[in-house]
Amino acid sequence: MSNIPELKSDVMNAVLNLRKYSEVEAAVKLCLDQEDFAMREQITICEIPAPTFKEEVRAKYLAELMVKYGLEDVHIDEIGNCVGILKGSDNGPVVAMGAHMDTVFPEGTPIKVVQEGNIYRAPGIGDNCSGLRALMQTIRCFTENGIRPKGDIYFVGTVGEEGNGDTRGSKWFNAHNHVDGFIACDNTDVGRILWAAIGSHRWRMSIDGKGGHSYAAFGQTPSAIHAMCRAGAKVADIRPVKDPKSTYTIGTIKGGTSVNTIAPHCEVDVDIRSLDNDELLKLEAQILKIFEDAVAEENAMWPIDDEKKLLKLTKTQIGDRPAGQRPHDCPVLQAARAAQKSLGIELTNYGASSTDANFPVSQGIPATCLSAGGVQMSTHTTAEYFIRKDNHLGPQMTFLTLLALSGYKDVAPILPKRA
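A. Local environment of the packing of helix α5 (residues 129-143) against helix α11 (residues 393-406). Between α5 and α11, the shortest axis-to-axis distance is 9 Å and the interhelical angle comes to 55°. Between α5 and α11, the crossing angle belongs to the class labelled oblique. The two elements α5 and α11 cross, and the hand of that crossing is right-handed. Contacts between α5 and α11 involve R133, A134, Q137, T138, C141 and F142 from the former and P395, T398, F399, L402 and L403 from the latter.

Shown next, in the form of structure tokens:
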């Protein structure tokens, strides 16, 4: 990568000073020593189905592991997140690490991990069972080496990160717990550190009317599909700003009853994204107005006085992931980069995505998303597979990042406490 922002020397030195403690190095080594164990754990977790909105069984299993590995106050919170706390030794900053438990696959999808050498095949084996594997390994780094950071660390298996789950677990956790910093663990590319959160607003636009026979009722009732076609054509002509990058798409469309029927119903799902909340809201307002105008135009096409025969538009928001960016000197970004460098990992992707870090980033909380190690492929398909390669690097990086943020013994916390 070119034009990489400065990594502050004091942060780098803090991580290097942490690694002078024998127990910290032992924890780093533990990730390598326990690679086989952690991979078996990843397989076990994967074979517990966890569709979005139905993560209860997986959450219960993770809670049992958290208790076994020595966390305190382990519980399933009101929305379904699995939460455990590593108590700090001092009044240091509070940090949280979260990995989402849910998968994109519907209930009933067969899930049995098949191993072929260093390749493991199963829906969800990479996204995000690799993140959950890293979460559990990071916990063991602390507890099996008696390492107590200065501040409390929450470890969280979150619900509802995927699709219409709308990162609801992360939103709930961060809204109901005061944390000074947050790290999501998703993806497997340890060269990736996210400095920005891509916001997305998703809408279901439904048009409904009386409908009727294509010949007998022609001119007496407007078509929901025709109105939707008007809207779609105008949406397709939008050219959003390139910087900050903003996008849209009509992702699904359905409606009508038969080829010879004036459609009484049509609906589409619209995805709108941007790196900037203001641009996101501008693009959203433009698109919503297009649908309103299209329905009005279709209604005006026909001499219909009965309001009951006119088309109605219903707008339902089905997704709200806020956007945000962190300054390059953000302590979470700096600590992650220093941990990454101390492990000899090259920063290859300093970018943006949509993850459980979106909400805290949008609230001004120092946050990022780090990766679990290994390689995930064919993500979000039933042909998904995971390549076991340098699995230890993910939890090594999250462990050192959390410890640097929280502080340990003579090494002061990098992360300041929020008001």
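Past the structure itself, the notes keep going.
B. Broad picture of the pattern of salt bridges. Here the structure, examined in full by the defined rule, presents 23 salt bridges. The residue E116 makes a salt bridge to R121 at a minimum N-O spacing of 3.0 Å. A relative accessible area of 42% means that E116 is categorised as partly exposed. Notably, a salt bridge pairs K171 with D166, separated by 2.9 Å at the nearest N-O pair. Across the pair, exposure class does not vary: K171 and D166 are buried alike. One network of salt bridges, in which partners are shared, links R204, K254, E267 and D269.

C. Expanded view of the pairing of strand β9 (residues 199-208). The element β9 is extensively covered by neighbouring structure, given that eight of its ten residues are classed as buried. The pairing of β9 with strand β14 (residues 312-321) spans nine bridges and is antiparallel. Residue S206 lies in a different strand from β14, and its bridge partner there is T314.

D. Highlighting the sheet that holds strand β2 (residues 82-86). Sheet architecture is open: six strands sit in the order β1-β2-β6-β3-β7-β17, paired in mixed fashion. Looking at the sheet topology across the chains shown, the edges are occupied by β1 (72-76) and β17 (367-370). Averaged over all pairs of adjacent strands, the angle between strand axes in this sheet comes to 15°, irrespective of strand direction. The sheet contact formed by strand β7 (residues 181-185) and β17 spans four bridges and is parallel. Bridge pairing in β17 links C185 to L370. The strands that helix α6 (residues 168-176) touches are β2, β3 (95-100), β6 (153-158) and β7; relative to β6, the one it contacts most, it runs at about 150°.

E. Examining the sheet that holds strand β16 (residues 349-353) more closely. The strand order across the open sheet built from three strands is β15-β8-β16, with neighbouring strands paired in mixed fashion. The open sheet is flanked by β15 (324-325) and β16, the only strands paired with a single partner. Where helix α9 (residues 331-342) meets the sheet, its contacts fall on β8 (192-197) and β16, and the angle it forms with β8 comes to roughly 170°.

What counts and what doesn't
- Residues numbered from 1 in each chain as written.
- Predicted model: local features only at pLDDT ≥ 70, side-chain atom pairs only at ≥ 80, totals over all residues.
- Heavy atoms only, no water.
- Axes fitted to C-alpha atoms, helices over the stretch in contact; angles between N-to-C directions.
- Helix = DSSP H or I, 4+ residues; strand = E, 2+ residues; numbered from the N terminus.
- Parallel < 35°, antiparallel > 145°, perpendicular 65-115°, else oblique.
- Left-handed = near helix turned anticlockwise from the far one by under 90°.
- Contact = heavy atoms within 4.5 Å.
- Salt bridge = Lys/Arg side-chain N within 4 Å of Asp/Glu carboxyl O.
- Buried < 20%, exposed > 50% of the residue type's maximum accessible area, 1.4 Å probe, protein only.
- Pairing = 2+ DSSP bridges.

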